[in-house]
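Examining the three-dimensional arrangement
These are the residues of each chain, in order.
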Amino acid sequence: MNRADRRARKAELEHAIEQQRIDLLVAASRWQSASRSIDRGWQTLLRYRVPLLLMGGTVLYRTARRPGGVVRLAGRLTTGALLVKKARRLLR
């Protein structure tokens, strides 16, 4: 391989590397835009971390004290969620 061939091969490889870098930048940008809503939700959870931990501790304490109450609470929460869902459908 002479110098001209090496220079041509080097230019081809540099072009391929540059194209790969561009492809990586585009893929990273797409990934960030796709995960933006998930990141926003995670930040919201982190903002309310202390109240959520306190509520979780309270629920855990109540569960340990009265296990039967959890079943009733779960039933009430499910019923409430279904009622809210039906109400939203009716109001649309």
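Predicted model, so just to flag it, every value in this text is computed and none were measured.

About the thresholds
- Residues numbered from 1 in each chain as written.
- Predicted model: local features only at pLDDT ≥ 70, side-chain atom pairs only at ≥ 80, totals over all residues.
- Heavy atoms only, no water.
- Helix = DSSP H or I, 4+ residues; strand = E, 2+ residues; numbered from the N terminus.
- Rg over C-alpha atoms; globule rule 2.2 N^0.38 Å.
- Buried < 20%, exposed > 50% of the residue type's maximum accessible area, 1.4 Å probe, protein only.
- Areas by Shrake-Rupley, 256 points an atom, 1.4 Å probe, with all protein chains shown as cover.
- Lys, Arg positive; Asp, Glu negative; His and termini not counted.
- Charge placed at Lys NZ, Arg CZ, Asp CG, Glu CD.
- pLDDT = per-residue confidence, 0-100.
- Salt bridge = Lys/Arg side-chain N within 4 Å of Asp/Glu carboxyl O.
- Patch = residues over 30% accessible without salt bridge, like charges linked within 9 Å, V, L, I, M, F, W, Y side chains within 5 Å.

**A word on the overall build of the protein chain**
When you go through the protein chain residue by residue, the secondary structure sums to four helices and zero strands. The C-alpha radius of gyration of the protein chain comes to 28 Å, more than 25% above the 12 Å expected for a compact globule of 92 residues. On the principal axes, the C-alpha backbone points of the protein chain span a range of 85 × 40 × 20 Å. Out of the 92 residues belonging to the protein chain, those deemed buried represent 1%. Element-wise, carbon and sulfur atoms account for 61% of the exposed surface of the protein chain, whose accessible area totals about 9200 Å². Side chains of the protein chain give 21 positive and 6 negative charges; the mean places of these two sets differ by 30 Å.

**Structural notes on the confidence of the model for the protein chain**
Confidence in the prediction for the protein chain averages 91 pLDDT; 100% of positions are at 70 or higher. Mean pLDDT in the protein chain bottoms out at helix H3 (residues 49-65), which sits at 88, and peaks at helix H1 (residues 3-34), which reaches 95.

**What about the pattern of salt bridges?**
Taken as a whole, this structure holds two salt bridges when the rule is applied. Between Glu-18 and Arg-21 there is a salt bridge, with its nearest N and O atoms 4.0 Å apart. On the criterion of helical spacing, the pair formed by Glu-18 and Arg-21 is a turn pair, its members being three residues apart in helix H1. The partly exposed category is assigned to Glu-18, whose relative accessible area is 40%.

**Brief notes about the environment of Ile-38**
Within the secondary structure layout, Ile-38 lies in helix H2 (residues 36-47). Relative accessible area serves as the criterion here: at 60%, Ile-38 is assigned to the exposed category. For the pair Ile-38 and Pro-51, spaced 13 residues apart in the sequence, the C-alpha separation amounts to 21 Å.

**Things to note about the environment of Arg-65**
Mapped onto the elements, Arg-65 comes out in helix H3. Sequence separation between Arg-65 and Tyr-48 is 17 residues; the distance between their C-alpha atoms is 26 Å.

**As for the environment of Leu-60**
Residue position: Leu-60 is located in helix H3. It is 9.6 Å that separates the C-alpha atoms of Leu-60 and Val-70, two residues lying ten residues apart in sequence.

**Remarks on a positive patch on the surface**
The grouping of Arg-62, Arg-65, Arg-66, Arg-72 and Arg-76 at the surface amounts to a positive patch. Mapped by element, the contributors of at least two residues to the positive patch are H3 and helix H4 (67-91). Classification of Arg-72 by relative accessible area gives exposed; the value is 53%.

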